[in-house]
Amino acid sequence: MEETNFIKRQNNLLSAIEEGIVIIPGAGLRQKSHDTEFPFRQNSDFKYFTGFNEPDATLVLKKSKEGAVESHLFLQEKNPEMEMWTGIRLGSEKAPEVLPVDHAYPNHEFSKRLPELFRNHQNLYYNFFNQDLQKSVTKTLQSLGGKRKEKFHSPLHWHHLSPLIGMLRLRKDKNEILAMKQAANLTNIGHRAAMALAKPGVNEKEIDQLLNYLFSQENGEGTAYDSIVAGGKNALILHYINNNQILNDGDLVLIDAGAQVNTYAGDVTRTFPVNGKYTQAQKDLYQVVLDSQKLAMGHMKIGATLKEIHTSTCQALLKSMMDAQILKGSFDELWEKDAYRAYYPHGTGHWLGLDVHDQSPYLDDDLNEITLDEGMVFTCEPGLYFPEGDSNIPKEWQGMGIRIEDDILITQSGPENLTRSIPKEVKEVEDACNEDIRSILEKLSSPSLLS
Ligand SMILES: [Mn+2]
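Anyway, here's the lowdown on the structure attached to this text. Worth saying up front: this structure is predicted, and the values here are computed from it rather than measured. (Residues numbered from 1 in each chain as written. Predicted model: local features only at pLDDT ≥ 70, side-chain atom pairs only at ≥ 80, totals over all residues. Heavy atoms only, no water.)

Side note on the environment of Y225
Reasoning step 1: Secondary-structure assignment places Y225 in the loop between β9 (220-223) and β10 (228-231).
Reasoning step 2: Separated by 44 residues in sequence, Y225 and T269 have C-alpha atoms that sit 13 Å apart.
Reasoning step 3: Ignoring any residue separated from it by four or fewer positions in sequence, one finds Y225 in contact with D256, A257, G258, G266, D267, V268 and V356.
Reasoning step 4: Within polar-contact distance, the side chain of Y225 engages the side chain of D267 at 2.9 Å. (Helix = DSSP H or I, 4+ residues; strand = E, 2+ residues; numbered from the N terminus. Contact = heavy atoms within 4.5 Å. Polar contact = N/O pair within 3.5 Å; in protein donor to acceptor, adjacent residues only side chain to side chain.)

Right under this line is the structure:
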């Protein structure tokens, strides 16, 4: 596998602008409690253009009217005393050798050098919602504004950068797809192990921790987002992350969890019986959701839109709820008033990539839906959530929440389900639930499990 071509990514961005200066800050550390921080998580845009994983760095790209481009990086300076506490820093001297940048400087030079970098550019591209950056930009422009008699341009035309980068991140290149496939493989292991470990009396948190452990195997970076391990009616809470209740015999458990590899996310949901065997009522409802997911996948073709896929999924779920007498009336009337939303309130899919909800637009500049194309990755995740005490719902389905989610890559030859190895058919899931967790953990050292 060839190395990621970050310079090509930077050039792709610069070719979308005529002239100007682009500022892309990395993430900093966030305080967790006094003197301690959360584990570092790089800003996705910064990572996309640099591959650099240290906190407190900033990328500045420049493009002249004539088309000449330059890249500048600000980063933490070497500091043996600090490095003894928090780890080795690359430093500005080494950075241009190993990173895709022409020049590098220590962070303390940022405010001093920024006015010089701004000079003679007319356009400025940055994320308007980054308040720290907004302050530096304003301060720099104020300092340049004081020299009104000098003959130079300053970048007074501001452009919000995020949509431009979002468009580039929409189509994944070979290396991105490879990372996402590796994340899918680890996610497969995690979900299979969860199915094997779950049984009445096991706490949701045991499964939560097992997932994190398994997602950290090989080049895994743990969970891409806080896992949802929701036994019984906890599945009705869409973003349930407490994960601290005992799993009960006869209940389902919904697990929404994905591994992260090279900052790329997997995002998969499975809903399976705690005791390893679906009841007839559980099986019936599970099959409704599974059928709607398969129907959705049938619409995933180049040229289709996520909105079309969502609409057809909602219509299928609405029909199923009409068949079950949960929703009563004519189809048109129920569709008109979004009656399905009470039980299916979320979307059928979202872009997936460096962010689990990848920061790419859903509409183009003319407000038309973005159409699916080769290299785009997104989720397919229909679900049904039936509250307790809702008299429209058959008693045996009350308190039940079911979601099934896979990660889909669009290719020339059709949709590729990256997470197809994770058990999903009723029989496959029941078989996986009856696997011995110890044998799964023993097999972990086997390379075939991760390939
Ligand atoms: Mn999702």
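Describing the sheet that holds strand β18 (residues 406-411)
Reasoning step 1: Spatial ordering of the open sheet is given by β15-β18-β19, a layout of three strands whose pairing is antiparallel. The open sheet has two free edges, formed respectively by β15 (377-380) and β19 (414-417), since each of these has just one partner strand. In this sheet, neighbouring strand axes are inclined to one another by 40 degrees on average, regardless of whether the strands run parallel or antiparallel. (Pairing = 2+ DSSP bridges. Axes fitted to C-alpha atoms, helices over the stretch in contact; angles between N-to-C directions.)

Re the pattern of salt bridges
Reasoning step 1: The final tally for this structure, using the stated rule, is 20 salt bridges.
Reasoning step 2: With a shortest N-O distance of 3.0 Å, R403 and D256 are connected by a salt bridge. Pair noted here: R403 is in strand β17 (residues 400-403) and D256 is in strand β11 (residues 252-257), with a separation of 147 residues, a long-range link.
Reasoning step 3: With relative accessibility at 3%, the residue R403 sits in the buried group.
Reasoning step 4: D431 is the partner of K427 in a salt bridge, and the nearest nitrogen-oxygen pair spans 2.9 Å. Taken as a pair, K427 and D431 lie in helix α13 (residues 426-433) at a separation of four residues, close to a single helical turn.
Reasoning step 5: Look at K427 and you get exposed, because its relative accessible area is 56%.
Reasoning step 6: For D431, a relative accessible area of 39% gives the class partly exposed.
Reasoning step 7: Each of the salt bridges in this network shares a partner with another, and the network as a whole consists of R41, D45, R169, K172, D355 and D358. (Salt bridge = Lys/Arg side-chain N within 4 Å of Asp/Glu carboxyl O. Buried < 20%, exposed > 50% of the residue type's maximum accessible area, 1.4 Å probe, protein only.)

Description of the coordination of the manganese ion
A metal bound by six donors in octahedral fashion has ideal angles of 90 or 180 degrees, whereas one bound by four tetrahedral donors has an ideal angle of 109.5 degrees.
Reasoning step 1: Bound to the manganese ion on the protein side are D267 (OD), H350 (NE2), E381 (OE) and E405 (OE), at distances that span 2.1 to 2.4 Å.
Reasoning step 2: Mapping the donors of the manganese ion onto the primary sequence gives the spacing D-x82-H-x30-E-x23-E. Of this pair, D267 sits in the loop between β13 (264-265) and β14 (268-273) while E405 sits in the loop between β17 and β18, and the two are 138 residues apart along the sequence. Assigned by exposure class, D267 and E405 land together as buried. (Donors = N, O, S within 2.8 Å, 3.2 Å for Na, K, Ca; no water.)

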